[in-house]
Amino acid sequence: YNPLFWLAVGLNSFLFASLAVGLAMLVKSHADQSLLTSFVITPMAFLGGTFFPVDRLPVWAAKIIFLLPLTHASKAIRQTAFGASPGCFSYLLLTAIGIILFLLALKCVGQARD
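This report concerns the structure included in the present document. Within every chain, residues take consecutive numbers counted from 1 along the sequence as written. Residues qualify for local features only when their pLDDT is at least 70, as the model is predicted, and side-chain atom pairs are given and counted only at 80 or more; totals for whole chains, interfaces and linings, by contrast, use all residues. The side-chain values count all of the structure's non-hydrogen atoms but skip hydrogen atoms and water molecules.

## A short note on the overall build of the protein
- Numbering of helices and strands runs from the N terminus; a helix is a DSSP stretch of H or I covering at least four residues, while a strand is a stretch of E covering at least two. Assigned secondary structure in the protein consists of five helices and zero strands.
- Starting at the N terminus and ending at the C terminus, the protein contains elements arranged as α-α-α-α-α.
- Seen through its C-alpha atoms, the protein measures out along the principal axes to roughly 45 × 30 × 20 Å.
- For the protein, the residues scored as buried account for 27% of the 114 residues in total.
- Contacts in the protein between residues far apart in sequence, at least 24 positions, make up 60% of those at least 6 positions apart. Burial status follows relative accessibility: with a 1.4 Å probe on protein chains alone, a residue under 20% of its type maximum counts as buried, one over 50% as exposed, and anything between as partly exposed. By definition, residues are in contact when any of their heavy atoms lie within 4.5 Å.

## Let's talk about the packing of aromatic side chains
- Put simply, two rings from Phe, Tyr or Trp (the six-membered ring, in Trp's case) pair if the centres are within 6.5 Å, and we call them stacked under 30 degrees between planes, edge-to-face over 60, tilted for the rest. Taken as a whole and assessed by the stated rule, the structure comprises four aromatic pairs.
- Arranged with centres 5.5 Å apart and planes meeting at 35°, the rings of Phe-14 and Phe-102 form a pair that is tilted. In this pair, Phe-14 sits in helix 1 (residues 3-26) while Phe-102 sits in helix 5 (residues 88-113), placing the two residues 88 residues apart along the sequence.
- What makes Phe-14 partly exposed here is its relative accessible area of 32%.
- Look at Phe-102 and you get partly exposed, because its relative accessible area is 35%.
- Between Phe-46 and Phe-51, the aromatic rings sit 5.5 Å apart at their centres with planes inclined by 40°, giving tilted as the arrangement.
- Phe-46 gets classed as partly exposed once you look at its relative accessible area, which sits at 47%.

## Some points on helix 5
- The end-to-end C-alpha separation of helix 5 is 37 Å, in line with the 38 Å expected for 26 residues at 1.5 Å each.
- Those residues of helix 5 lying buried are Ser-90, Tyr-91, Leu-94, Ile-97, Gly-98, Leu-101, Ala-105 and Cys-108.
- The elements touched by buried residues of helix 5 are helix 1 and helix 4 (69-81). Every helix has an expected span of 1.5 Å times one less than the residues it contains.

## Notes on the environment of Ile-41
- Here Ile-41 lies in helix 2 (residues 30-47).
- Judged by its relative accessible area of 35%, Ile-41 is partly exposed.
- Each C-alpha atom of the pair Ile-41 and Ala-20 lies 9.9 Å from the other, and the pair is 21 residues apart in sequence.
- Look past the residues within four positions of Ile-41 in its chain and what remains in contact with it is Leu-19 and Leu-36.

So this is what it looks like as structure tokens:
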């Protein structure tokens, strides 16, 4: 695999690790954690182009799903694994969302510490 593949994997890992830390600081019980998994992670996994191509969805749904970070991570990882170039937009979006989620996670950790 080429460096772009590993960059996409790293950005995806950073983004979702930051999301997980932020959400972990917000939940008060295991039931809350279960709700977050049910309403955030699971729909993103099924709708983010991981299991089926997004371009086969209706146009309105594809536009909404285009905003999900997992859509861009799946696209970048899949295309680089097969030797294609996904373009820099997916990498820029993953980086931007990852930085935002990291800063939010830092804020949540700081508030939980107090």
